[in-house]
2 protein chains.
Amino acid sequence: MSIDHEGDRPVYLQIADIIAGRIASGDLQPRRRIPSESDLVQEHGVARDTARRAVAHLREQGLVYTVPQRGTFVSPPADPADEGEQPS
Amino acid sequence: MSIDHEGDRPVYLQIADIIAGRIASGDLQPRRRIPSESDLVQEHGVARDTARRAVAHLREQGLVYTVPQRGTFVSPPADPADEGEQPS
DNA sequence: TTTCATTTGTCCGTATGTATT
DNA sequence: AAATACATACGGACAAATGAA
């Protein structure tokens with residue numbers, strides 16, 4: 001799970017792939033938080049911008065969703081936990 | 001409240017402004033659901049693509065977050081006490 | 001259990017206006 | 001002038017997940 005800084009594939013996509021793999025394997029489960037940007041910076045030795053790009057890519061792919069000031073979480077959720085019901 | 005299809009400002013930004021206003025006024029509260037894309041289509045008489053653009057804009061601004069297959073919700077205010085917590 | 005409505009995700013088109021090349 | 005690219009806007013279709021009945 002190490003990063004190749006020389007290869008053709010952008011580093012941020014390599015990191016996104018790693019996280020996507022952890023989601024696919026069940027290591028990261030629905031509605032659980034994924035590693036923070038700071039975590040990714042430390043784990044992979046990359047700049048914060050690179051970590052941010054990796055998360056943004058996963059978000060665009062629909063694999064995760066971000067709650068501002070709280071973190072980024074695996075989607076879709078397994079537990080409703082009634083936070084979104086609209087009593088119309 | 002109504003949409004101007006002739007003006008310079010894109011329709012999707014006009015709709016985003018309306019929703020942002022409802023958030024700012026407290027009409028739409030943190031962690032509560034905002035109108036669905038279908039709701040926006042009916043309320044404003046636009047295509048779904050336009051409604052999606054409006055929501056995407058708000059999401060990019062950090063005002064809302066989307067949980068796939070569940071809906072889009074108002075972002076919570078910054079709260080330093082929740083580090084590492086799940087959004088439920 | 002099945003059925004149905006809701007909601008978002010994703011793709012296919014078309015058309016228009018603007019900007020660039 | 002012409003071709004290309006992009007953004008906006010509309011219309012339609014289907015898939016996947018959820019939730020309620």
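In this text, all values refer to a predicted model and were calculated from it rather than measured experimentally.

Asker: I tried to follow the overall build of chain A on my own but got confused; where do I start?
Answerer: The secondary structure content of chain A amounts to 3 helices and 2 strands. Secondary structure elements of chain A, listed N to C terminal, follow the sequence α-α-α-β-β. Burial statistics for chain A: of 88 residues in total, 40% are counted as buried. Residue pairs in contact within chain A that sit at least 24 positions apart in sequence constitute 52% of those at least 6 positions apart. Total accessible area on chain A stands at roughly 5100 Å², and carbon and sulfur atoms take up 44% of it.

Asker: Where do I start with the confidence of the model for chain A in this structure?
Answerer: Atomic detail in the predicted coordinates should be set aside for any region of low pLDDT. Put simply, chain A has an average pLDDT of 71, and 74% of its residues get 70 or more. This model gives residues 77–88 of chain A a pLDDT under 50, and the stretch forms 26 contacts once residues within four places in sequence are excluded.

Asker: Before we go on, may I ask you to explain the protein's contact with DNA strand C in this structure?
Answerer: With respect to spatial proximity, the complete set of residues near DNA strand C consists of Gln61 of chain A together with Arg33, Ser36, Glu37, Arg48, Arg52, Thr66, Pro68, Gln69, Gly71 and Thr72 of chain B. Taken together, the sugar and phosphate atoms account for 53% of what DNA strand C places within 4 Å of the protein. With respect to DNA strand C, the side chain of arginine 52 of chain B contributes an N or O atom lying 3.5 Å from a phosphate oxygen. Counting only elements with at least two residues in the surface near DNA strand C, the list comes to α3 (48–60) and β2 (71–74) of chain B.

Asker: Can you walk me through the packing of helix α2 (residues 37–44) of chain B against α3 of chain B in this structure?
Answerer: How two helices pack is summed up by the angle between their axes together with the distance between the axes. All names here are of chain B. Close contact between α2 and α3 brings their axes to 9 Å; oriented N to C, the two are set at 115 degrees. The handedness of the crossing between α2 and α3 is right-handed. Facing α2, whose interface residues are Glu37, Leu40 and Val41, α3 presents Arg48, Ala51, Arg52 and Val55. The residue makeup of the contact of α2 with α3, split by class, is 4 nonpolar, no polar and 3 charged.

Asker: Explanation requested: helix α1 (residues 11–25) of chain B in the structure shown.
Answerer: At 3.6 residues per turn, the α-helix brings residues three or four places apart onto the same side. All names here are of chain B. Spanning 15 residues, α1 covers 21 Å between terminal C-alpha atoms, matching the ideal 21 Å at 1.5 Å per step. Looking at α1, one finds that the buried residues are Val11, Leu13, Gln14, Ile15, Ala16, Ile19 and Ile23. Taken together, the buried residues of α1 touch α2, α3, β1 (64–67) and β2. Glycine 26 occupies a position one or two residues after α1 and carries a positive phi of about 90 degrees.

Asker: Can you help me understand the environment of serine 36 of chain B in this one?
Answerer: For serine 36 of chain B, the position within the fold is in the loop between α1 and α2. Considered as a pair, serine 36 of chain B and glutamine 69 of chain B are 33 residues apart in the sequence and their alpha carbons are 11 Å apart.

Asker: Can you walk me through the pattern of salt bridges in this structure?
Answerer: Residues and elements named next belong to chain B. All told, the structure shown has 6 salt bridges over all chains when counted by the stated rule. We note a salt bridge from glutamate 37 to arginine 52, for which the minimum N-O separation is 2.7 Å. Pair noted here: glutamate 37 is in helix α2 and arginine 52 is in helix α3, with a separation of 15 residues, a long-range link. Three or more residues joined by partner-sharing salt bridges are found here, namely Glu37, Arg48 and Arg52.

Calculation notes
- For every chain, the first residue of the written sequence is number 1, and numbering continues from 1 onward in sequence order.
- Chain letters and ligand numbers both follow the written order, the letters beginning at A and the numbers at 1.
- Since the coordinates come from a predicted model, pLDDT governs what is reported: local features require at least 70, and pairs of side-chain atoms require 80 or more to be given and counted, while whole-chain, interface and lining totals use all residues.
- Derived side-chain values reflect all non-hydrogen atoms in the structure, with water molecules and hydrogen atoms excluded from consideration.
- Helix and strand definitions here come from DSSP, where helices need a minimum of 4 consecutive H or I residues and strands a minimum of 2 consecutive E residues; each element is numbered from the N-terminal end.
- Note on exposure labels: buried denotes an accessible area under 20% of the residue type's maximum, exposed denotes more than 50%, and partly exposed covers the range between, all computed with a 1.4 Å probe on protein chains only.
- Between two residues, a contact is recorded if the distance between any of their heavy atoms is within 4.5 Å.
- Reported accessibility uses the Shrake-Rupley method at a 1.4 Å probe radius. Residues are deemed covered only where the shown protein chains occlude them.
- Confidence of the predictor in every single residue is expressed as pLDDT, which spans 0 to 100.
- A cutoff of 4 Å decides nearness: a residue is near a molecule or strand if any of its heavy atoms lies inside that distance of it.
- Definition of a polar contact: a pair of N or O atoms within 3.5 Å, with one able to donate and the other able to accept a hydrogen when the atoms are protein atoms, and with sequence-neighbouring residues admitted only if both atoms are side-chain atoms.
- Axes, fitted as lines to C-alpha atoms, cover a helix only where it is in contact. Angles between the N-to-C directions of the axes lie from 0 to 180 degrees.
- The crossing is said to be left-handed when, going from far helix to near helix, the turn is anticlockwise and less than a right angle, and right-handed when the turn is clockwise.
- Under the scheme applied, nonpolar residues are Ala, Val, Leu, Ile, Met, Phe, Trp, Tyr, Cys and Pro; charged residues are Asp, Glu, Lys and Arg; polar residues are all the others, including Gly.
- By this rule the span expected of a helix is its residue count minus one, scaled by 1.5 Å.
- The salt bridge criterion pairs a side-chain nitrogen of Lys or Arg with a carboxyl oxygen of Asp or Glu, the two atoms within 4 Å.

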